[in-house]
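In case you want the letters, here they are:
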Amino acid sequence: MLLELNGISKSFLGVRVLDGVGLQVRAGEVHAVVGENGAGKSTLMKIASGAHQPDAGMIHLDGDPVSFRDPRQAQAAGIGIIHQEFNLLPERTVAQNVFLGREPTRRGLVDLRAMHERTEELLASVGQEGISPQATAGTLGVARQQVVEIVKALSLDARVLIMDEPTASLADHEVELLYALVRRLQERGIGILYVSHRLKEVFDLSSRITVLKDGKLVTTLDTAATSPEALVRHMVGRELAHYYPPRATATPGPARLALKAAGNRKLHAIDLELRAGEVVGIGGLQGSGRSSLARAIFGVNRFSTGEMFLDGSPLHVRSPRHAVRAGIAYVTEDRKAEGLVLGQSVLDNAMLALRAVTPTVAGRAARAVGIRELLAGVQVHAAGERQEVRFLSGGNQQKVILARWLAMKPRILLFDEPTRGIDVGAKAAIHDLIRRLADDGAAVLMISSELPELIGMSDRIVVLRDGRVAGELPAGPPEESVVGLATGAGS
Ligand SMILES: Nc1ncnc2c1ncn2[C@@H]1O[C@H](COP(=O)(O)OP(=O)(O)OP(=O)(O)O)[C@@H](O)[C@H]1O
Ligand SMILES: [Mg+2]
């Protein structure tokens, strides 16, 4: 057995988050780990890779007992990890990130050329020649940052590779790339621990699946001998119908937001209307301009040409703060950049956006009631509303961000990958919430790389390609139509 975890327990501040959990990874095996937000998956992965030390239990590598004081020791032993939250230094280059702390040197100086060449080779080996080793990491989209993380782990010659939600925001065709990559690693005999909320991937890639619930081992299954339905039952302890809320039946109201020939460095002559009561899906490949569009509407990087109208009146959004005051909310795809105040409580974080729109303390207190309902509605799993958000699992932090924006009762909602990293049960609850917001008169724009979600939720889908509107599709199109427009196939 390549890697063996036995009887692993871990408590934080007196709360037990792992309780006697064990699993094994064979050489060349993809072993999936699933469970609800807060089940303990990331904590177990951090223990296997030296970031946390277990309170009890044993780790064996090739049959020998090992213990890691820090990630460096685990890395030296051959255990690499790609975290759920990226750890790239945004202001450094891709190459600097890949070789951080072990830069090739020549005559005592960092050998930039060698570093760039080796990074280029690594990127080419995973089919990502498009990423420049000299690009600044922070300027890359989430999907590309993920590729850099994978390349970094590869460069470390890992024998066990832990991937904590590696495909969290990759579009379907990019997932294929990751699949090919994973298979290549398997052939080299690398054992992979694969944490994901996307059950399709779990079934496509793994040979065995371990289910955690509330810090305990539920079961380890042979993938071939189980089904998604059975797996979900193990995860959430009940049946879960796979459905999307019914679409809007009323004709949408007047245009809340309209763009006329709007453009900037990344976007060209965008015409778009978001009407009260509708959910407009935005499709497109990584880099097609989907997030740029949301960012421009929200005033992060503004439009330089064209016009934007809010409820019929021209609006020049000067900043995100200005956008918030105008009733626009934006849930970004990157929760780190979202500005969760990690040392503050769940409740305070959820109330943060309200400060801009509800200036009085009394007004905010009145809203707090609604926020508690929202936190319950999105199924935040925390020790209490006073718990600091830094102690929440990744998915639960994401839910706090959602609650924060929903609390603002915005007229226009921009969602970028709204259910990224969220477990199957809470996902359905969030879909219902999004639909209810639209039914209450909000205009919703939703970017999603998960085609079933995009198609299941949207009243119509606008597909972007190379920063332009490639076309629009009515509710419920076949997946091929979206992909066709996104890739330009057949046009
Ligand atoms: N450093 C910490 N201090 C206190 N509590 C923590 C800490 N890290 C994790 N926890 C708690 O441990 C539990 C398990 O968290 P973990 O991040 O392992 O969940 P997860 O299964 O990875 O969830 P997700 O699907 O949301 O990523 C959660 O209740 C979380 O709040
Ligand atoms: Mg996690």
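Residues numbered from 1 in each chain as written. Chains lettered and ligands numbered in written order. Predicted model: local features only at pLDDT ≥ 70, side-chain atom pairs only at ≥ 80, totals over all residues.

Caption draft 1: Looking closely at unusual backbone geometry. The backbone phi angle of Ala261 is positive, close to 50 degrees, even though this residue is not glycine. Phi at Lys409 is positive, roughly 50 degrees, even though this residue is not glycine. As for its placement among the helices and strands, Lys409 is situated in the loop between helix H14 (394-407) and strand S19 (412-416). In this structure Lys409 comes out as partly exposed when scored by C-beta crowding, with 18 C-beta atoms within 10 Å. (Helix = DSSP H or I, 4+ residues; strand = E, 2+ residues; numbered from the N terminus. Buried ≥ 20, exposed ≤ 12 C-beta atoms within 10 Å, placed from the backbone.)

Caption draft 2: Summary view of H14. In this model H14 runs 20 Å from its N-terminal to its C-terminal C-alpha over 14 residues, within 8% of the 20 Å that 1.5 Å per residue would give. The buried count for H14 comes to 14 of 14 residues, which makes it a mostly enclosed element. Looking one or two residues beyond H14, the residue adopting positive phi is Lys409, at roughly 50 degrees. (Expected span 1.5 Å × (residues − 1).)

Caption draft 3: Representation of the sheet that holds strand S22 (residues 468-474). The 6 strands lie next to each other as S18-S19-S20-S15-S21-S22, forming an open sheet whose pairing is mixed. Each edge of the sheet is formed by a strand with only one pairing partner; in this case those strands are strand S18 (328-331) and S22. For this sheet the average axis-to-axis angle between neighbouring strands, irrespective of direction, equals 20 degrees. Relative to S22, strand S21 (residues 460-465) is paired through 6 bridges, and the arrangement is antiparallel. What sits directly across from Val463, in S22, is Gly471. Strand contacts of helix H17 (residues 479-487): strand S15 (279-283), S21 and S22, with the helix running at about 30 degrees to S21, the strand carrying the most contacts. (Pairing = 2+ DSSP bridges. Axes fitted to C-alpha atoms, helices over the stretch in contact; angles between N-to-C directions. Contact = placed C-beta atoms within 7 Å.)

Caption draft 4: View of the sheet that holds strand S4 (residues 56-61). Spatially, 4 strands are ordered S2-S1-S4-S5 in an open sheet, and the strand pairing comes out antiparallel. In this open sheet, the two strands that pair with only one neighbour each are strand S2 (15-25) and strand S5 (64-66). Strand-to-strand twist of the sheet, defined as the mean angle between neighbouring strand axes without regard to direction, takes the value 30 degrees. Pairing analysis gives 3 bridges linking S4 to S5, with the strands arranged antiparallel. Note on S5: the bridge partner recorded for Leu61 is Asp64. Packing of helix H1 (residues 41-48) onto the sheet brings it into contact with strand S1 (3-12), S2 and S4, and relative to S1 it is tilted by some 120 degrees.

Caption draft 5: Geometry of the site of ligand 1. Near ligand 1 lie 19 residues; those nearest to it are Phe12, Asn37, Ser42, Ser393 and Gly395. Of all the elements in the fold, those that place two or more residues in the shell around ligand 1 are H1 and H14. Taken together, the residues of the shell around ligand 1 sort by class into 6 nonpolar, 11 polar and 2 charged. Each of domain 1 (3-236) and domain 2 (255-487) accounts for three or more of the residues forming the shell around ligand 1. (Near = placed C-beta within 6 Å. Nonpolar A, V, L, I, M, F, W, Y, C, P; charged D, E, K, R; others polar. Domains from an automatic or database assignment.)

Caption draft 6: Region of the structure containing helix H15 (residues 424-439). The end-to-end C-alpha distance of H15 is 23 Å, a good match for the 22 Å that 16 residues give at a rise of 1.5 Å each. For H15, the set of buried residues is Val424, Ala426, Lys427, Ile430, His431, Ile434, Leu437 and Ala438. Axial view of H15: buried residues confined to an arc of 150 degrees, hence all on one face. Of the surrounding elements, those touching the buried residues of H15 are helix H8 (228-236), S15, H14, S19, strand S20 (443-447) and helix H16 (451-457). The positive-phi residue at the C-terminal boundary of H15 is Gly441, with phi of around 110 degrees. (Arc of directions from axis to C-beta.)

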